[in-house]
Every structure is written in C-alpha cells, then in structure tokens.
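Coordinate analysis (summary)
Listed here are the chains, written in short residue letters.
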Amino acid sequence: MTQLTREKTFAAIWQALKNGKKFFIAGHQNPDGDSLGCTLTMVSLLTRLGKESYAYATPAVGSDLKFLPGLQQVHVDTLPEKPDFDTVILLECSDRTRGGNLESVLQNAKTIINIDHHLISDEYGDINYIDSSASSTAEIIFQLFEASEDNLLPSPEEATCLYTGLETDTGRFLHSNTTAEALRVASALVAVGADIDKINQVIYFTKPYIDLKLLGRALEKMELRFDNKYSQIVLTRRDFEALGATPAQTQGIVSQPTMIPGVEVSSLIKEEPDKISVNLRARNSVDVSKIAQHFGGGGHARAAGFKVSGKALEDVTGELAEVVKNVVQKIQ
C-alpha cells in the first residue's frame, strides 16, 4: 500500500468517525487477541470522541483475554433486535461474513469501514484499508492514531489492548511478520502505558488446568507424516467431552509441533458440533494460506485456517493430508 493511499484512506476513516453517530464494531468470529484488542480500542476511542457504539463478538471470548480493559462493553453473541447503526467497523474480517451473521446490521448501515491485514481480503466496505504487510490489525490501528489531525495517542488501556493484538499476532515477536514497523509500534505502545507485564503474565504464564490437560491429550495424539515434515493433531468431540473442554481452549496447541526439527507444516483438526475447524502453522518456507484457500479458508503465510461443514472428520483429515503431502514432498 502506497503512502498516498494510506494518507487518503486514513483521512477518510477519520472523517467517517467524526461524521457517524451510532457505530457497530466487530472483529472476526472466535476473536483472538488482535481482533478483540482492536475492537475494544475502537470502542474506547469512539467514547472519547463522544460517539455511541455497540461492540460485538461471537461465539465466545477466550479466558486468556478476559483481562482486557473494557471487555464488559462487548456483547457476546447478542445482536440488537432493530439495528440502526449509521456506521459499521469490521476489524480483521477478510469478507463480510467473517464477523458472523451480521447482514441485518450491514444492510442498514450508511458506511462500512473495513480494516484488515490478511493476504486475501475482499474490499466489501465503503472504506477499505487492507495492508497485508502489517503484522496485525493492531499495528494499523496505531498508525490510524498517528494519522489523526488532533495528534491523538492511545490511552494506557487502549495501548494494552493494541499491544495484546500485536504481541499475539507476531507470536511474542517470534514470527516472520515481526518487522521493524511492528517493533516500532510495540515500543510506542509501551511508551504510552501498555501493561506488558499483565499481558505476558495472563496470556503466556497462566493456563487453566483443563487447558493443560487438553494440551497433553493433543500432544499424545500428534502424528508425524511424510518424512516427519507434517504434524497432524486430531481432536474429536469425544476428546473435548472427556475433559469437559471446548474447542476454544486449544489456543497455541497447533504451534507446538513446529518446534520439532524437520516439521514444516502443523495442523490441528477439531471436530465441533456443526463443523470441522482446522488451524495450520508453518515453520519455514511453506505458505499455509494457500493450503487453507484450497478448502475455502485463508489467513497468513505462516498461520492460516479453514472450516468445513457437511463432511466427515476422516474425509477432511484425509483430503488435507493429500494437499499437504503434495506441498511438503517438494521440500528437500
């Protein structure tokens, strides 16, 4: 994205924020730190601007994110009966369905603002800012602050939310999307008061008992295939039921096998009541977003995923393995 386009688009977003009166804000379904952190930041910013806003998330918020400031303002799985929002802001939603069943909200809005950093993303908004070179949507939202005519800076609470998004999407600044710009933004967020100690303690050094038990079961079920280049973990409904766990408690599991020397692609395949959901991670040269696209999903080069309905778990597992096999067998 060129600097000129950035300036014009940010100016258009700021104009929409100033002109709008009632805002609806949502990130993608199964919100992660970036999606939820940016949602909460935008709610707080709009409050500071004297605007009315309605924040939405579906279907649930992970226990590791419940420390985020302002979370009580998010309506989880609850939409207003008669949506009358003039402006909708969708964050990290690569298409208009990614935030859930929001057509009743979208079709009545005068302005839709789409802010995203996915490699493949539809320009469904009236205003679209899509920058696939950005480490996270949080990075973009901070840049939006910097582009304000009033020289607004995030509050300490907003900085905490944005830093959470930045840190989680870069894997604690270990993934290849940890750019110089990502580190600059992280430094600036710390400077304005991001509570990095609390973020790290809650997200990386706190784990519920059931989550650890689920991790143990997942690692027991891990299989290495295709000359140990592909790691596959399958968690069935029976696995979740046996531990009293849910698919939402699998955060971080898919990344564990990438620590094994030689593993190029890791998959976590979860059997849910109405679908099969798959998370993918890559260690080196494989672009797992292309694998996800084969099944109608998407994401980033090193982290992607997809969901499938109407197919048996075994069929999805087998089809995925064949696609991965064709990719990893080319790696010397």
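Everything that follows concerns the structure shown earlier in this document.
I will try to describe carefully the structure that is included in this document. Quantities reported herein were computed from a predicted structural model and do not represent experimental measurements.

Turning our attention to the sheet that holds strand β5 (residues 111–116). What the six strands build is an open sheet, ordered β3-β2-β1-β4-β5-β6; its pairing is parallel. Unpaired on one side and paired on the other, β3 (74–76) and β6 (127–130) mark the two borders of the sheet. Each neighbouring strand pair of the sheet contributes to a mean axis angle of 20 degrees, computed without reference to strand direction. In this structure, β5 lies alongside β6, joined through four bridges in parallel fashion. If you follow aspartate 116 over to β6, its bridge partner there is isoleucine 130. Each of β4 (87–91), β5 and β6 touches helix α4 (residues 137–146); the most contacted strand, β5, lies at about 120 degrees to it.

The end-to-end C-alpha distance of helix α2 (residues 33–48), which contains 16 residues, comes to 22 Å, matching closely the 22 Å that a straight helix rising 1.5 Å per residue would cover. Counted residue by residue, α2 has 13 buried out of 16 residues, so it is predominantly covered. Positive phi appears at glycine 50, one or two residues downstream of α2, with a value of about 80 degrees.

What follows concerns the nonpolar core. Across soluble globular proteins, nonpolar side chains have a tendency to be buried as a group. Judged by nonpolar contacts, the single largest core of 48 residues is most densely connected at Ile13, Leu17, Ile89 and Leu189. It is α2 that contributes the most residues to this core, seven residues altogether. One finds Ile269, Val308, Val324 and Ile331 within the second-largest nonpolar core, a separate group that totals 25 residues.

Before going further, it helps to spend a moment on the packing of aromatic side chains. What the rule picks out here adds up to eight aromatic pairs. Between phenylalanine 24 and tyrosine 56, the ring centres sit 5.9 Å apart and the planes meet at 35 degrees, which makes this aromatic pair tilted. Of the two residues, phenylalanine 24 is situated in strand β1 (residues 22–26) and tyrosine 56 in strand β2 (residues 52–57); the sequence distance between them amounts to 32 residues. When its relative accessible area of 6% is taken as the criterion, tyrosine 56 is described as buried.

Strand order in the open sheet formed by six strands is β7-β8-β9-β10-β12-β11, with mixed pairing between adjacent strands. Two strands bound the open sheet, and with one partner strand each, they are β7 (223–225) and β11 (298–299). Looking at chain direction, strand β10 (residues 276–282) and strand β12 (residues 303–308) are connected through six bridges and run antiparallel. Paired with leucine 280 across the two strands is alanine 304, which belongs to β12.

Moving on, we get to the environment of glutamate 158. Structurally, glutamate 158 can be placed in helix α5 (residues 156–169). Between the C-alpha atom of glutamate 158 and that of cysteine 38, which follows or precedes it by 120 residues, the distance is 8.5 Å. Residues within four places of glutamate 158 in sequence aside, it is in contact with Thr41, Ser44, Leu45, Arg48, Phe145 and Leu153. Engagement of the side chain of glutamate 158 in a polar contact is seen with the backbone nitrogen of serine 155, the distance being 2.8 Å.

This paragraph deals with helix α8 (residues 209–220). Here α8 contains twelve residues, and its C-alpha end-to-end distance of 17 Å stays within 8% of the 16 Å for a straight helix at 1.5 Å per residue. Along α8, the positions that sit buried rather than exposed are Asp211, Leu214, Leu215 and Ala218. End-on, the buried residues of α8 take up no more than an arc of 105 degrees, which puts them together on one face. Within α8, the exposed residues directed more than 90 degrees away from the buried face are Tyr209 and Glu220. Contact partners of the buried residues in α8: β8 (230–235) and α9 (237–243).

Thresholds, definitions, all that
- Residues numbered from 1 in each chain as written.
- Predicted model: local features only at pLDDT ≥ 70, side-chain atom pairs only at ≥ 80, totals over all residues.
- Heavy atoms only, no water.
- Pairing = 2+ DSSP bridges.
- Helix = DSSP H or I, 4+ residues; strand = E, 2+ residues; numbered from the N terminus.
- Axes fitted to C-alpha atoms, helices over the stretch in contact; angles between N-to-C directions.
- Contact = heavy atoms within 4.5 Å.
- Expected span 1.5 Å × (residues − 1).
- Buried < 20%, exposed > 50% of the residue type's maximum accessible area, 1.4 Å probe, protein only.
- Core = buried A, V, L, I, M, F, W, Y, C linked by side-chain atoms within 4.5 Å.
- Phe/Tyr/Trp six-rings, centres within 6.5 Å; stacked < 30°, edge-to-face > 60°.
- Polar contact = N/O pair within 3.5 Å; in protein donor to acceptor, adjacent residues only side chain to side chain.
- Arc of directions from axis to C-beta.

Shape is all these values report; function is a separate question.
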